[in-house]
Structures are given as structure tokens and as C-alpha cells.
Amino acid sequence: MQVPFLSFQPQHVPIREEVLAAVARVYDSYWYVLGEEVKQFEADYSAFSGAKHTIGVANGLDALVLALRALEIGPGDEVIVPSNTYIATWLAVTQVGATPVGVEPDPATSNLDPALIAAALTPRTRAIMPVHLYGQACRMTEIMALAAAHNLHVVEDNAQAQGATFDGRVTGSFGILNGTSFYPGKNLGALGDAGAITTNDSALDQRVRVLRNYGSQQKYYNEVVGYNSRLDELQAAVLRTKLTHLAGWTAQRREVAALYDRHLAGIAGLRLPHTAPGATHVYHLYVVHHAQREAVQQHLASQGIGTLIHYPVPAHRQQAYAALGLPAGTFPIAEELAATCLSLPMWPGMTEDHVAAVAAALRSFAN
Ligand SMILES: *Cc1c(COP(=O)(O)O)cnc(C)c1O
């Protein structure tokens, strides 16, 4: 049995007519940028995320950049980022001219370890950017308390965790400003690039709205050096439709994860995902760890099973960050996780047969 890493088909086939009607609505509206669809999606996403305001932007990286710009974080400032994350988190800090300062994860969850943040703070630290990696909420209660004690902003990178919670509160509603991504493969995916910022602060909401649209409130009058980073009407209309199905898809992801937990139990050398007390997980990815990761991945490929690695090279070891001068061994936990992680197929609509096929292939590697 072939099991692709990701298949959109089970999600997209049943809602084809619904989505195409939304597309037609935009086509026939003769209004394509910053109109009714964006406004409605922003309202719907606010209701979903529990944050007062949502600002649609062009992609997830821009969401993080605009959040930092709105907080006037820039040259000379430091921002705490996980050593173990997608590079976008680091890039956002770099793009506003500030310096990313890595903090190691808890190896059990792969998420930022709140206990290690204090040692990385300096007088220049302005913000902490927790990333709810793979779909599991970070330990936000400790992170928020630490940030308050040191007068730091929190900007959540919620690109992978729409709908996850910590101590009952939805991710993307803790930080002063939070970024998320609707890249097609994310839990809520557009048909192209899209992203959003969520906030409870009305003044910052206004500031981000100005920044995303050329630094302008009134057309052709520019208050600040802004960006062209708008969510377009077509993507907003698609996202509005897909958002109504997100809770169902998340429930399916959780069912698949529970099946994996059951089918993969007891396989020698394989470490399964662990969810921290107080956290919930929306399984953007189901990530296992194995000391012979490359060989396991090849074995699975030979059995028709698609896997990916999130991520093979930590940000501090990327060529792009050579100038930071952070040699191998700087973040040993992130480096170890990068060397051993393997993302198994995960998509709403996967069946127990798919999961059993992945498990059988993993078991046959072990034997
Ligand atoms: C996808 C992702 C981003 C960036 O989103 P884009 O829409 O691709 O720009 C940022 N952070 C994390 C953790 C992501 O997974």
C-alpha cells in the first residue's frame, strides 16, 4: 500500500463545489484586494482564535515581520527564538534588523523549554517568540509569566498550531501580536500563500493594518515605511470556506495520531511524540525520532511510504546564518533532534489501513 506524506484529496474533494462557489463570488465581485472577503475572514478567524482582531497578510513570514515592526523591534534589539524551529522565525527577527537569540527545546516535546529562557536574556532582549512546533502548544503559562516579570513582549509563531490550546486558552491569543500561516500544507491552508496576525490590542491592530498596506491609511498618503503584504480576496474567500471545516479536520488528525500511538507502541528504537501536561496538540505533523533516521526513511520509501524531515538543518547551522558564527555544538539538543526526527504521513482522511501500513514498514525495519 502506497501512503503519501500528504494528500489534499480527502479534504478538497468533498468541499470542491463550496470552494469554487467562493472563488466565483470573488470573480464576479470585481473587487480583488482588501474587500468584503478579507473583512469577513478576519472576523471569522478572530472568533476561532479567541483574539479580538485578525489582520490578513500575504504569508506567515510577513505576519511575523509586521508584528515585530509594529512593536518597533529593530537594530540593537535581541529576540528569543527556539533553536529548533522552521527558519522563518529567525528570518523575521533578522529582517527587522534585530538579532535572533536561540534557546534550546525540551527534547521530550521539541518545543522551547521555558526553564532555559532566563539565562539567555540580556538588557537588549525585547521579545520572546514561542513556536508551537508540529502543532503542540508551548508551555505558555510559564512563558507569559517570565515575559511579564522581565517586561518583554511575546509574539507567538502559530503557523503550525491553529486551534491548539495551553491551559484551555487557544494559541495565537496569548502574545501581544501573533503570526500564523495559511500555506497550503498548514492545518488551515489557502490555495497559495496567505497569513495573518492576531492581537487583542486595538492600537497595534491599527498599526499592523497600516504596515501591511504601504504604510498608508488614506490612499497615496504614507505615514510609515510600510509593506505590500495584503491577504487577497480570493484566498480570503477560500479560507472562509475552509475554516468552517477546520475543527473536523483537527479531530481527524487527532484520530490518526491516536492510531499511530497505538500501532507504533513498542517498536524498538522509535521514540513517539509526547504532549506536555496542559498542552493540546493539533498534529500538523506526527514526528518520531530514530537514531538511524536516514536508513529508516529509505526503508519506508522502498515500501511506498512518504516521509519528510522537519527540519534537517537548524537555523544556526544554515549558510544564511554563517555570519552569526554559531558553530556545531552551540545548540546540541536542536542538532540532535534535527539528526533524528522523521515526520510520518499525516493528513485528515488517513485511514487505519494507512497507519497500519506505516507501522508494518517501521516494524520490518526494526526486525
Ligand atoms: C510555515 C511556517 C512559517 C512561515 O509561513 P509562510 O506562510 O510559509 O511564510 C513560519 N513559522 C513556522 C513555524 C512555519 O511552520
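Residues numbered from 1 in each chain as written. Predicted model: local features only at pLDDT ≥ 70, side-chain atom pairs only at ≥ 80, totals over all residues. Heavy atoms only, no water.

**Looking at unusual backbone geometry**
Alright, step 1. Along the chain, His310 connects to Tyr311 via a cis peptide bond; the corresponding omega equals 10 degrees.
Alright, step 2. Counting through the fold element by element, Tyr311 comes out in the loop between helix H10 (293-302) and helix H11 (332-340).
Alright, step 3. Its identity is not glycine, yet Tyr214 carries a phi of approximately 65 degrees, on the positive side.
Alright, step 4. By the secondary structure assignment, Tyr214 is in the loop between helix H7 (202-212) and strand S10 (216-218). (Helix = DSSP H or I, 4+ residues; strand = E, 2+ residues; numbered from the N terminus.)

**Describing the environment of Asn158**
Alright, step 1. Tracing the sequence through the fold places Asn158 in the loop between strand S5 (153-157) and strand S6 (165-166).
Alright, step 2. Judged by its relative accessible area of 2%, Asn158 is buried.
Alright, step 3. Taking C-alpha positions, Asn158 is 9.7 Å from Ser173, a pair spaced 15 residues apart along the chain.
Alright, step 4. For Asn158, the contacting residues outside a window of four places in its chain are Tyr45, His132, Thr171, Gly172, Gly179 and Thr180.
Alright, step 5. A polar contact of 2.8 Å, which involves the side chain of Asn158, links it to the side chain of Thr171. (Buried < 20%, exposed > 50% of the residue type's maximum accessible area, 1.4 Å probe, protein only. Contact = heavy atoms within 4.5 Å. Polar contact = N/O pair within 3.5 Å; in protein donor to acceptor, adjacent residues only side chain to side chain.)

**Structural notes on the pattern of salt bridges**
Alright, step 1. Under the counting rule described, the total for this entry stands at 13 salt bridges.
Alright, step 2. Notably, a salt bridge pairs Asp106 with Arg139, separated by 3.9 Å at the nearest N-O pair. Of the two residues, Asp106 is situated in the loop between strand S3 (99-103) and strand S4 (125-128) and Arg139 in the loop between S4 and helix H6 (140-149); the sequence distance between them amounts to 33 residues.
Alright, step 3. Among the salt bridges present, the one from Arg293 reaches Glu294, with a minimum N-O distance of 3.0 Å.
Alright, step 4. Of the residues examined, Arg293 reaches a relative accessible area of 5% and is grouped as buried.
Alright, step 5. Take Glu294: its relative accessible area is 44%, and that puts it in the partly exposed class.
Alright, step 6. Via salt bridges that share partners, Arg25, Glu37, Asp44 and Arg240 belong to a single interconnected network. (Salt bridge = Lys/Arg side-chain N within 4 Å of Asp/Glu carboxyl O.)

**A few points about the layout of surface pockets**
Alright, step 1. If you add up the space inside the largest pocket, you get close to 590 Å³.
Alright, step 2. In terms of lining residues, the largest pocket is bounded by 30 residues, among which Tyr86, Ser181, Tyr183, Lys186 and Tyr311 are the most central.
Alright, step 3. Those elements that place two or more of their residues in the lining of the largest pocket are helix H4 (60-70), helix H5 (87-95) and strand S8 (177-181).
Alright, step 4. Per-element accounting of the lining of the largest pocket gives the leading share, four residues, to H5. (1 Å grid on protein atoms, 1.4 Å probe; cavity = no way out; pocket = protein on both sides within 12 Å on 5 of 7 lines; lining within 4 Å. Points joined across faces, edges and corners; volume = space filled by probe spheres on them.)

**Re the site of the ligand**
Alright, step 1. In the vicinity of the ligand, the residues found are Asn59, Gly60, Leu61, Tyr86, Ala88, Val131, Asp157, Ala159, Gln160, Ser181 and Lys186.
Alright, step 2. Contact between the ligand and Leu61: an oxygen atom at 2.9 Å from a main-chain N or O atom of the residue.
Alright, step 3. Contact with the protein chains removes 90% of the 380 Å² of surface that the ligand exposes when unbound.
Alright, step 4. More than half of the atoms of the ligand fall within 2 Å of the grid points belonging to the largest pocket. (Near = heavy atom within 4 Å. Areas by Shrake-Rupley, 256 points an atom, 1.4 Å probe, with all protein chains shown as cover. Sits in = over half its atoms within 2 Å of the grid points.)

**Structural notes on the pairing of S5**
Alright, step 1. Of all five residues that make up S5, four are buried, and the element is covered over most of its length.
Alright, step 2. Where S4 meets S5, two bridges bridge the pair, whose relative direction is parallel. Each bridged residue has a counterpart across the sheet, and for Ile128 the counterpart in S5 is Val154.
Alright, step 3. Note that the unit made of S4, H6 and S5 has a crossover that is right-handed. (Pairing = 2+ DSSP bridges. Right-handed = clockwise from strand over helix to strand, strands pointing away.)

**Quick look at empty space enclosed by the protein**
Alright, step 1. A full pass over the atoms with the stated rule returns four cavities of 30 Å³ or more.
Alright, step 2. Roughly 110 Å³ of volume is contained in the largest cavity.
Alright, step 3. Taken together, 17 residues make up the lining of the largest cavity; nearest its centre are Thr109, Tyr134, Pro273, His274 and Val287.
Alright, step 4. Taken together, the residues of the lining of the largest cavity sort by class into ten nonpolar, six polar and one charged.
Alright, step 5. Counting residues domain by domain, the lining of the largest cavity receives three or more from each of domain 1 (9-243) and domain 2 (246-366). (Nonpolar A, V, L, I, M, F, W, Y, C, P; charged D, E, K, R; others polar. Domains from an automatic or database assignment.)

**Re the domain arrangement of the protein**
Alright, step 1. When the domains of the protein are assigned, the result is domain 1 (9-243) and domain 2 (246-366).
Alright, step 2. Summarising the inter-unit geometry, the C-alpha centres of domain 1 and domain 2 are found 24 Å apart.
Alright, step 3. Between domain 1 and domain 2, the contact holds 41 residues from the first and 36 residues from the second.
Alright, step 4. When the two sides are added together, the surface that domain 1 and domain 2 hide from each other amounts to roughly 3200 Å², 62% of it contributed by carbon and sulfur. (Buried area = accessible area lost by both parts, 1.4 Å probe.)

**A closer look at helix H9 (residues 246-264)**
Alright, step 1. If you check H9, its first and last C-alpha atoms are 26 Å apart, about what 19 residues at 1.5 Å a residue would give, namely 27 Å.
Alright, step 2. If you check which residues of H9 are buried, you get Leu246, Trp249, Thr250, Arg253, Val256, Ala257, Leu259, Tyr260 and Leu264. (Expected span 1.5 Å × (residues − 1).)

**Looking at the environment of Tyr27**
Alright, step 1. Counting through the fold element by element, Tyr27 comes out in helix H2 (residues 16-29).
Alright, step 2. The exposed category is assigned to Tyr27, whose relative accessible area is 62%.
Alright, step 3. Sequence-wise, Tyr27 and Ala148 are 121 residues apart; in three dimensions their C-alpha atoms are separated by 47 Å.

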